[in-house]
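Per-entry structural report
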Amino acid sequence: MTASAEFDVQGLIRLASQVLVAHDVPEADADLTARSLVQADQRGIYSHGLLRLPLYADALRQGGINAAPALTWTRDTGSVAALDADAALGQVAMQAAVDYVLERGAAHGIAAVAVSNSSHYGAGAFWSDQLAAAGFLTVLTSTTGPVVAPHGGTEKVLGTNPLTLGAPSAGEWPLTADLATSNGAYGKVIAARNEGTQLPEGWAVDTEGRPTTDPVAAAAGSMIPFGGHKGSAVSVLLEAFSASLTDATYAFETVDIWSNPASRMNNGHLLIGLDTAAFGGREHTQARVRTLQDRVRGSGPGGRPVLAPGDPERLREQEHAAVVALPASTAEQLAELAARLDLDPVHPVPTSAPTVSERTQP
């Protein structure tokens, strides 16, 4: 990332929310979406942060995203439901799914929601964190636009097919894995293109199937699944989990809003929550998860600490609780959005004092 100056977190949330409201998004939905984007930047997940706001604005303006959707529960068996999101912001659809799982999971021990007709929901941990706070184990996945070729192929059949797993802990925060099943998130390709930087080797191939580190060639070509044929198999199955339960489209059936903001992508999401109270009890599970976290953290040679899944993002969020440095290109796009919509911009703040980034372990 080519860092710009730091910006006030609350100011960024305010601006992002105002941008969405200016595109006819209700205030509560705008605030929810803004908080999810800014938290991603706080955690260093710039591919899912305010980089996305201009895209959301374009899609709202051109019809790819519906500012005021009519969410419809097309099926509800008591603990399993299907939700038609009516081309909503993905954050709006996911909050409805999370609320359902929290309510029904507490009654039945497990609940699941399959979402169709949705869009990008931001970083998955924003949703698994809510469930973990209530004592739930979480599995979450989604389709995306077509950007990934299966192992051995060159055609964009798959999405980045994110997978989020969360487990509540008696420690400071949950045990969390939140990852794309491609070698890198597609948003990082866009960020590299915007910043004029190169991609890591092994992330992508060009249209001829040749390895490339050029983000422009990667966007025209295909990204590569993580873990060779094993990662490719996981990605294919997550595509099936996300889209086959409803009328959501597979990635290869989808026109991505990155290429056409008027496209209604019909993304599919699958959220599964298990209430640990229905098993060994919430306190029991949280204590056991903390034992695992602590064992991972203490597994380094010579007492050197190791970071458990979720630690890097949480430590970074602590560091950037009040201010966050954005990629320079993102800061420029935010300023342009504010000017175009006649909104007050967010001005840079002085560099902060030393922070918890100096810590290596919670």
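The structure this text deals with has already been given above.
What you are looking at is a predicted structure, and each value in this text was computed from that prediction instead of being measured.

Rules used throughout
- Residues numbered from 1 in each chain as written.
- Predicted model: local features only at pLDDT ≥ 70, side-chain atom pairs only at ≥ 80, totals over all residues.
- Heavy atoms only, no water.
- Pairing = 2+ DSSP bridges.
- Helix = DSSP H or I, 4+ residues; strand = E, 2+ residues; numbered from the N terminus.
- Axes fitted to C-alpha atoms, helices over the stretch in contact; angles between N-to-C directions.
- Contact = heavy atoms within 4.5 Å.
- Buried < 20%, exposed > 50% of the residue type's maximum accessible area, 1.4 Å probe, protein only.
- 1 Å grid on protein atoms, 1.4 Å probe; cavity = no way out; pocket = protein on both sides within 12 Å on 5 of 7 lines; lining within 4 Å.
- Points joined across faces, edges and corners; volume = space filled by probe spheres on them.
- Polar contact = N/O pair within 3.5 Å; in protein donor to acceptor, adjacent residues only side chain to side chain.

Taken together, seven strands build an open sheet; the order of strands is β2-β3-β4-β11-β5-β6-β7 and the sheet is mixed. If you trace the sheet from one side to the other, it starts and ends with β2 (72-76) and β7 (175-179), each paired once. In this sheet, adjacent strand axes meet at a mean angle of 10° when their direction is disregarded. For strand β5 (residues 136-142) and strand β11 (residues 267-275), the ladder comprises seven bridges, and the chain directions are antiparallel. In the strand pairing of β11, threonine 141 is matched with leucine 270. Docked against the sheet, helix α5 (residues 125-133) engages β5, β6 (163-167), β7 and β11, running at close to 160° with respect to β5. Of the strands in this sheet, β4 (110-118), β5, β6 and β11 are in contact with helix α8 (residues 228-243), which crosses β5 at around 100°.

Our focus in this paragraph is unusual backbone geometry. Here aspartate 24, not a glycine, exhibits a phi torsion of approximately 75°, which is positive. Topologically, aspartate 24 is positioned in the loop between α1 (9-21) and α2 (27-42). Among the residues examined, aspartate 24 registers a relative accessible area of 62% and is labelled exposed. The phi dihedral of asparagine 266 is positive, around 55°, even though this residue is not glycine. Mapped onto the elements, asparagine 266 comes out in the loop between α8 and β11.

This paragraph deals with the layout of surface pockets. Its boundaries defined by the atoms lining it, the largest pocket holds a volume of some 730 Å³. Around the largest pocket, the lining comprises 45 residues; the ones closest to its centre are Ile45, Ser47, His48, Ala180 and Ala185. Looking at the lining of the largest pocket, the elements with two or more residues in it are α5, β7, α6 (186-195), β11 and α10 (311-319). The dominant element in the lining of the largest pocket, judged by the number of residues it contributes, is β7, at four residues.

Okay, the side chain of threonine 276 next. Inspection of the secondary structure assignment puts threonine 276 in the loop between β11 and α9 (282-297). Classification of threonine 276 as buried rests on a relative accessible area of 1%. There is a polar contact of 2.6 Å between the side chain of threonine 276 and the backbone oxygen of glycine 135. Those residues in contact with threonine 276, other than ones at most four positions away along the chain, are Gly135, Leu137, Pro168, Gly281, Arg282 and Thr285.

In short, the description is geometric, and any link to function would need to be established separately.
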